[in-house]
Amino acid sequence: MKEQQMTGVHDSWEDKHRKRWQMAGRWRNDLLAALLLACFAFWINRGLEIRGLYMDDLYLWSCYGEQSFWKYVFPIGSTRFRFLYYLMAWLELGLIGTHIDWIVPINILLNTGLAFTLYQMARKYSRSSYVGMLCGFAFLASRLSYYQIGQLYGLMETMALWMALGILYLLCEFLNDHGGRDYRGFYAACGLYFGVCFVHERYMVLLPLFFLALLCRKVRRWHLWAAPAGTFAAVQAIRFLAIGSVMPAGTGRTQVAETFSLGDAVWYALSQVAYLFGINAGPDHLNGQNFRQAPSWVMILIVAADLMLLAVLAAFLVKLVQEWRHCGSYLCTSLLFMGFLAGCIACSSVTIRVEMRWVYVSYAGALLYLSWMYGVLTEKMIKQGTWMRAVAFLAMLTLYVILMLPVELYYRGLYPRLYFMPDQQRYNSLAEETYGTYKD
């Protein structure tokens, strides 16, 4: 009996030691991943800087200096009510003070945190740290990040993107928690939905995702159906009381109700899909250069990279056909991902133009979807020990990132052509001259 007790204690000690060792290894890997992503983020964005503010950034800064905290954070009667973003902007402006040149490094650090979150999500979906890192690097390298890094208002896009991905992740977890009775993740997603609507109102369009997840899980509990509906109603009530309207305002001081055109919306949606596949489908002043004007080597690399994506997608579709009797959960999760992409694309296609910054959230969602498809394709291979068969899919994802990196670097070199960059560079120069004169 004593020997059995001693053996049990020894096994328990070994289990605890093994778990601590595994936890330490996981923390070490995460720290290394964060450092690599941070180094890459600072390198890829090394050409961006802010030394002087203008346009929306200048207006935001001037309001900070002229208005009280309550009026700044809660602009009653304005065309937009984004109090969560304005709160964070107030904190950021209080932190940087007159150090305008800190804005870009802060934005880079925040985008690194976002890339690290994407890495963790993709790692879980794919069951591979390597795939997670590929998604993180692809996200940071994307030319779509220009606004989040190069403008003070980039904080708004980063916050909204972070919260939108959180909603997607929590709903995926809820959807695949078969038979589970813990609904805290679903309620947390409702909380994030409430928050993201007061960072940027266009994310109100994510509401149907909640009902899709409930429908796919065949949930009959009325309080789960009431939670997102009540959250949406609360958002609309607050917006109506604060600004007197529930209709989101358009870009460029326009009203969606006045400028909406179904034909334009469809065209803008198609152009956003093209952006996801590396093709600049809009006018030069919005993306630097239309794809028709790009050098042939850029087009060749884009086609080759897209072929890698299409190969993974084709393999995934073949798997669904082969296992059609048992692929219900795969289809539901795919519907959730596609619903997320469709919603993000739709909400930014109803105004007067498509800016690349609006496509960044769709691109992040597409990377997560890609990592999830890789996990589905390789799940049985890894369990059966035939992981070498997964190398082909791993090679496709690696080639996609490698092929797209020169393309992204090329388009990043065209940032000076973007609509706000000439004025931004002019204000940077004026600020430098003024500071230099003051120093002398």
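The structure we're discussing is the one just above.
Residues numbered from 1 in each chain as written. Predicted model: local features only at pLDDT ≥ 70, side-chain atom pairs only at ≥ 80, totals over all residues. Heavy atoms only, no water.

Tyr85, Phe139 and Phe340 are the most contacted members of the largest nonpolar core, which has 140 residues in total. In terms of residue count, helix H8 (residues 154-175) provides more of this core than any other element does, 15 residues in total. The residues contacting Phe139, other than those within four sequence positions of it, are Asn111, Leu114, Ala115, Leu118, Leu161, Tyr360, Tyr363, Ala364 and Leu367. (Core = buried A, V, L, I, M, F, W, Y, C linked by side-chain atoms within 4.5 Å. Buried < 20%, exposed > 50% of the residue type's maximum accessible area, 1.4 Å probe, protein only. Helix = DSSP H or I, 4+ residues; strand = E, 2+ residues; numbered from the N terminus. Contact = heavy atoms within 4.5 Å.)

To continue, consider empty space enclosed by the protein. For the coordinates displayed, the defined rule picks out 3 cavities of 30 Å³ or more. In this structure, the largest cavity encloses a volume near 70 Å³. Surrounding the largest cavity, Val131, Leu134, Cys135, Leu367, Leu370, Ser371, Leu397, Tyr400 and Val401 form its lining. Residue composition of the lining of the largest cavity, grouped by class: 8 nonpolar, 1 polar and no charged. (1 Å grid on protein atoms, 1.4 Å probe; cavity = no way out; pocket = protein on both sides within 12 Å on 5 of 7 lines; lining within 4 Å. Points joined across faces, edges and corners; volume = space filled by probe spheres on them. Nonpolar A, V, L, I, M, F, W, Y, C, P; charged D, E, K, R; others polar.)

The next point concerns the packing of H8 against helix H9 (residues 184-197). The geometry of a pair of packed helices is captured by two quantities: the angle between their axes and the separation between those axes. Close contact between H8 and H9 brings their axes to 9 Å; oriented N to C, the two are set at 160 degrees. Considering their axes alone, H8 and H9 lie roughly antiparallel with respect to each other. H9 is crossed by H8, and the crossing has left-handed handedness. Of H9, the residues touching H8 (which contributes Ala160, Met163, Ala164, Gly166, Ile167, Leu170, Leu171 and Phe174) are Gly185, Phe186, Ala188, Ala189, Leu192, Tyr193, Gly195 and Val196. Classifying every residue of the contact of H8 with H9 gives 13 nonpolar, 3 polar and no charged. (Axes fitted to C-alpha atoms, helices over the stretch in contact; angles between N-to-C directions. Parallel < 35°, antiparallel > 145°, perpendicular 65-115°, else oblique. Left-handed = near helix turned anticlockwise from the far one by under 90°.)

Here Glu157 shows up in helix H8. Setting aside residues up to four positions removed in sequence, Glu157 forms contacts with Tyr147, Gln148, His200, Arg202, Arg357 and Trp358.

Quick look at the packing of aromatic side chains now. Taken as a whole, this structure holds 39 aromatic pairs when the rule is applied. Ring centres 5.8 Å apart and planes at 80 degrees place the aromatic pair Tyr125 and Phe337 in the edge-to-face group. Taken as a pair, Tyr125 in helix H5 (residues 103-126) and Phe337 in helix H16 (residues 328-347) lie far apart in primary sequence, 212 residues in all. Between Tyr146 and Tyr415 the ring centres are 6.2 Å apart and the planes differ by 50 degrees, which places this aromatic pair in the tilted class. Here Tyr146, found in helix H7 (residues 146-150), pairs with Tyr415, found in the loop between helix H18 (391-412) and helix H19 (421-439); they are 269 residues apart in sequence, far enough to count as distant. Residue Tyr146 is classed as buried on the basis of its relative accessible area, which comes to 0%. Judged by its relative accessible area of 6%, Tyr415 is buried. Residue placement shows Arg217 over the ring face of Phe174; its charged tip is 4.5 Å from the ring centre. A cation over a ring is seen here: Arg357 above Tyr147, with NZ or CZ 4.2 Å from the ring centre. (Phe/Tyr/Trp six-rings, centres within 6.5 Å; stacked < 30°, edge-to-face > 60°. Lys NZ or Arg CZ within 6 Å of the ring centre and 35° of its normal.)

Remark: helix H17 (residues 360-383) packs on H18, axes separated minimally by 10 Å, with the N-to-C direction vectors making an angle of 160 degrees. Comparing their axes, H18 and H17 come out roughly antiparallel. Judged by the twist between their axes, the crossing of H17 over H18 is left-handed. Across from Tyr363, Leu370, Tyr374, Leu377, Thr378 and Met381 in H17, the residues of H18 making contact are Phe393, Leu394, Leu397 and Tyr400. Split into classes, the residues belonging to the contact of H17 with H18 amount to 9 nonpolar, 1 polar and no charged.

The values reported here are purely geometric and, on their own, carry no functional implication.
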